[in-house]
Amino acid sequence: MDSIVVTGGNRLNGTIRISGAKNAALPLMIASLLTSESLVLQNVPHLADVESLIRILTNHGVDYRVEGKRKDHNGQMGRNISFRAGEIVDTTAPYDLVSRMRASFWVIGPLLARMHKAKVSLPGGCAIGTRPVDLFIDSLQALGATMTIENGYVIAEAPGGLKGATFRFPKVSVGATHVAMMAATLASGRTVLENAAREPEVVDLANCLIAMGARISGHGTSSITIDGVEALHGATHTVLPDRIETGTYAMAVAMTGGDVLLEGASAPLLQKALDVLVEAGVGVEETNEGIRITRNGGALKPVNVITEPFPGFPTDLQAQFMALMTMAEGTSRITETIFENRFMHVQELARLGANISLDGQTAIVKGVRQLKGAPVMATDLRASVSLVIAGLVAEGQTTVNRVYHLDRGFEHLEQKLSGCGAIVERVSS
Ligand code: EPZ
């Protein structure tokens, strides 16, 4: 199994090109199930999760073609992939495919909308909490589907098709908003989704669905209105830049010091996280090319953070920010409100010499003068990358094991960091 070995001590200087967003690409790919025509997605990142989802989609009968990396009119680079679900040959998403990645459960929405039935295994994914599916079941039920759970599968049926309805999510959920919005595009009549997720990835999906002929308004606010149409058609859509990758590299530069342009990054997608970095004493400048992050010698100030749905501080940057705060001059409190088990990086950061204690859902981080390299491992994607960031300033070598978590969500991680002067290499054992 591969590991990443980081030798700490170098500052980061240069340019890092930000990839297309994993968490936008996945629902966009799933949207291809809604039409028999081709959906061409540009700027698709090359990630293990994208490859896993391709396997799931092909099992339903989707043909795909990879067109290779190129620049589009926005200057984005990434693979263009066309997906065509000419005929859905199988409405079952089996356990062995779905158990590896939670987002694959989301096929339930388009399959139900187009084929009026779906049988999808209960999902897997990163071990960051219980992650139930009640919001998916309740919202699809509100659209007229009969939902049952049998032998680990969710079975959804709507023999006469889905019917528009008003549904209020009792809790904000990105995935359940994606699914209900996709399902409602082909339902008869009007659907209003209240307390919907406002994440940029939901907006990106809505924009793509609109390009496919859907009638959607209010995306980006907590009330989304969808007027159902008979059928959707093909379209071409560019995946938005990855705000979590952007925030991760911004925190890496904040950690090591230096001057890096995050090319293609978009500040409004992560304004809260950028504001927090400024509070911590980091230079953040929007330019025509992206976002420039600088820190030259000054001390890092401790900042308290609470994770929240967008536009709040994202849970997917919590681990990376905690790594940064281990080196702040003082004590910070980091509270996780989205997932109940997203502190697995705490004990691993402690192995590097960090001083962190837990009080329920709050981590109390006391800054230390120096971290020291050690072998570490993490059981989720963002926790793993927080250890890489910590390794960039730790004295000596930090070996991050279980690299497959990183490969799920970070395109060319070692190349991007070493291109800016970090000593990072992948070793196979
Ligand atoms: C998406 O997961 C992201 N994944 C996650 O990123 C991200 O952490 C999360 O949104 C929150 O921003 C993708 O986009 C592929 P949720 P999702 O439904 O949709 C609870 C990463 O590292 N809930 O918004 O699965 C749930 O348990 C990943 O890239 C229910 O209670 O998250 C959680 O507490 C990890 N019932 C809260 O809602 C449900 O039916 C928010 O989860 C569904 C969710």
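Above this text sits the structure in question.
Residues numbered from 1 in each chain as written. Predicted model: local features only at pLDDT ≥ 70, side-chain atom pairs only at ≥ 80, totals over all residues. Heavy atoms only, no water.

Peer 1: Teacher, can you tell me more about the sheet that holds strand β18 (residues 305-306) here?
Peer 2: Strands in a sheet are paired, the pairing made by backbone hydrogen bonds, and the direction either parallel or antiparallel. Ordered by their spatial adjacency, four strands build an open sheet running β18-β19-β21-β20, and the pairing between neighbours is mixed. The open sheet has two free edges, formed respectively by β18 and β20 (355-359), since each of these has just one partner strand. Its contacts with the sheet place helix α10 (residues 318-325) against β18, β19 (331-335), β20 and β21 (362-366), and it is angled at close to 170 degrees to β19. (Pairing = 2+ DSSP bridges. Helix = DSSP H or I, 4+ residues; strand = E, 2+ residues; numbered from the N terminus. Contact = heavy atoms within 4.5 Å. Axes fitted to C-alpha atoms, helices over the stretch in contact; angles between N-to-C directions.)

Peer 1: Just to check I follow, could you spell out the pattern of salt bridges for this structure?
Peer 2: Where charged atoms from two side chains of opposite charge approach closely, those side chains can pair. A complete count under the given rule lists 16 salt bridges for this structure. Across the pair D407 and R426 runs a salt bridge whose closest N-O atoms are separated by 2.8 Å. With a gap of 19 residues between them, D407 in helix α13 (residues 404-409) and R426 in strand β24 (residues 423-427) connect regions that are remote in the sequence. Relative accessible area serves as the criterion here: at 26%, D407 is assigned to the partly exposed category. With a relative accessible area of 29%, R426 lands in the partly exposed category. (Salt bridge = Lys/Arg side-chain N within 4 Å of Asp/Glu carboxyl O. Buried < 20%, exposed > 50% of the residue type's maximum accessible area, 1.4 Å probe, protein only.)

Peer 1: When you look at the environment of S266 in this model, what are you seeing that I'm missing?
Peer 2: Tracing the chain through its elements places S266 in the loop between β15 (258-263) and α9 (271-279). Relative accessible area serves as the criterion here: at 25%, S266 is assigned to the partly exposed category. Through-space distance from the C-alpha of S266 to that of P241 is 7.0 Å; in sequence the pair is 25 residues apart. If near-sequence neighbours (up to four positions away) are discounted, S266 is found in contact with P241 and I291.

Peer 1: Please clarify how the site of the ligand should be interpreted in this entry.
Peer 2: The ligand sits among 24 residues. The nearest are D134, S173, D316, I338 and R382. Interatomic distance of 2.8 Å between a backbone N/O atom of L135 and an oxygen atom of the ligand. Interatomic distance of 2.5 Å between a backbone N/O atom of I338 and an oxygen atom of the ligand. Expressed as a share of its isolated accessible area of 830 Å², the protein-covered part of the ligand is 92%. Here the element with the most residues in the shell around the ligand is helix α5 (residues 134-142); it accounts for three residues. Class assignment for the residues of the shell around the ligand results in 12 nonpolar, four polar and eight charged. A domain-level breakdown of the shell around the ligand finds at least three residues from each of domain 1 (2-19 + 241-428) and domain 2 (22-238). (Near = heavy atom within 4 Å. Polar contact = N/O pair within 3.5 Å; in protein donor to acceptor, adjacent residues only side chain to side chain. Areas by Shrake-Rupley, 256 points an atom, 1.4 Å probe, with all protein chains shown as cover. Nonpolar A, V, L, I, M, F, W, Y, C, P; charged D, E, K, R; others polar. Domains from an automatic or database assignment.)

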